Amino acid sequence: MGTKKTHDNQSFALTYTFFKDTHETEISMLVNGENILSFSRENQQLTTRWNLDELAFWLRDFINNEKEDPYPVESKGEYAAIKDINSREFDTDDDEEFDAYYDKLDEWNARHRWHPASGGAILADLYFQFVDSFVEISWNNQEPEEGIRFKHELGGVRIPKERFVKEVDLFLKAYANQWF
């Protein structure tokens, strides 16, 4: 056991602890010194702690891809999480057009939103997108599970791509060494 940190960096870092007896990992994602995975439950401040195998595979696929893939429809918003909220108001009487529109959103979300890979963990709903020389991280935690309140409900930030990939890769290598 013991907490590890990828690097001492205010702009972006990961801290994590492995719990051998439960195959769980506690993780914090620090952006500008703030843990964007932080939530409260039953008056306790917590961060994600769970078996994160699915999430680790998803993150590895994301950083290995490293290509720009813009949000698939025109939508207002500075960050993907906000665009996703605003794009969900689309409606039409044409069933094929309706299905095609939401299929595009769902396919894009599968590549850029890590929440479906949570494996049951209490996890902030984050979106990741390569934009120029940055990785945009955005979040929409406005409708969490009952009894959960995320510290960071809606927003986003851009991290230099090189820093993000390096930090995530360090975490994923430690994770693979620990659990695989």
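Source: prediction; values computed, not measured.

The rules behind the values
Within each chain, residue numbers correspond to sequence positions counted from 1 in written order. Where local features are concerned, this predicted model is filtered to residues with pLDDT of at least 70; where side-chain atom pairs are given and counted, the filter is 80 or more; whole-chain, interface and lining totals use all residues. Processing note: side-chain calculations cover all non-hydrogen atoms of the structure and skip hydrogens and water entirely. A strand pair is defined by DSSP finding two or more bridges across the two strands. Numbering goes from the N terminus for both helices and strands, where a helix is a DSSP run of H or I of at least four residues and a strand is a run of E of at least two. Angles run from 0 to 180 degrees between N-to-C directions of axes, and those axes are lines fitted to C-alpha atoms, restricted for helices to the stretch in contact. By the convention used here, residues are in contact when the closest approach between their heavy atoms is within 4.5 Å.

(A) Up close: the sheet that holds strand β9 (residues 134-140). Spatially, 3 strands are ordered β8-β9-β11 in an open sheet, and the strand pairing comes out antiparallel. Lying at the two open borders of the sheet, with one neighbouring strand each, are β8 (126-131) and β11 (154-160). Each strand axis lies, on average, 20 degrees off the axis of its neighbour in the sheet, ignoring direction. Pairing analysis gives 6 bridges linking β8 to β9, with the strands arranged antiparallel. The residue bridging Q129 from the neighbouring strand is E136, located in β9. The sheet contacts of helix α2 (residues 80-87) involve β8, β9 and β11, and relative to β9 the element is tilted by about 50 degrees.

(B) Representation of the sheet that holds strand β6 (residues 44-46). Taken together, 3 strands build an open sheet; the order of strands is β6-β5-β10 and the sheet is antiparallel. At either end of the open sheet lies a strand with only one pairing partner, and these are β6 and β10 (148-150). Neighbouring strand axes in the sheet, compared pairwise and without regard to direction, differ in orientation by 30 degrees on average. The pairing of strand β5 (residues 39-41) with β10 spans 3 bridges and is antiparallel. Within the sheet, the bridge partner assigned to F39 lies in β10 and is F150.

Everything listed is a geometric property; what it means functionally is a separate question.
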